[in-house]
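Here is how the chains run, residue by residue.
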Amino acid sequence: MQIPVIIQTVGLLALSNIFMTVAWYGHLKNFAGKAWWVAALVSWSIALFEYLLQVPANRIGYSEFSLAQLKIMQEAITLVVFVPFAMIYMSQPFKLDYVWAALCLVGAVYFIFRT
């Protein structure tokens, strides 16, 4: 049974986004007292896994979606991953601005996917 392209693309992009978010922001909590280059090396090590998932996700997705659709899909997934990360892992409070940002992304998704 073949997994639909949309499921493969969203699944791989979601996993890559988890790695990306940890690579980009996790060092702010875990390596705050370390030299910047230590945080950079650790972040780059984590980001490797992001790319190992993101590149095939975009290649698979590009078989059915436009470049703009892939980009907006990525941005929507980023917010879905970032908000729980910020709240749970980084102990940031929930902000109503997350809701407004999500609504803006829903609009972006609508306009990019309507054709």
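Residues numbered from 1 in each chain as written. Predicted model: local features only at pLDDT ≥ 70, side-chain atom pairs only at ≥ 80, totals over all residues. Heavy atoms only, no water.

**A short note on the overall build of the protein**
Looking only at helices and strands, the protein has five helices and zero strands in total. Of the regular secondary structure in the protein, the N- to C-terminal order runs α-α-α-α-α. Once the C-alpha set of the protein is aligned to its principal axes, its extents read approximately 50 × 35 × 25 Å. Each of the 115 residues in the protein was classed as buried or not, and the buried ones make up 29%. Taking the contacts inside the protein whose residues are at least 6 apart along the sequence as the reference set, 77% of them involve residues at least 24 apart. When the accessible area of the protein is evaluated, it comes to approximately 7,800 Å², of which 73% is carbon and sulfur surface. (Helix = DSSP H or I, 4+ residues; strand = E, 2+ residues; numbered from the N terminus. Buried < 20%, exposed > 50% of the residue type's maximum accessible area, 1.4 Å probe, protein only. Contact = heavy atoms within 4.5 Å. Areas by Shrake-Rupley, 256 points an atom, 1.4 Å probe, with all protein chains shown as cover.)

**Comments concerning unusual backbone geometry**
Positive phi, close to 55°, is recorded for S91, a residue that is not glycine. Considering the arrangement of structural elements, one finds S91 in the loop between α4 (67–89) and α5 (96–113). Accessibility expressed as a relative area gives 57% for S91, which makes it exposed.

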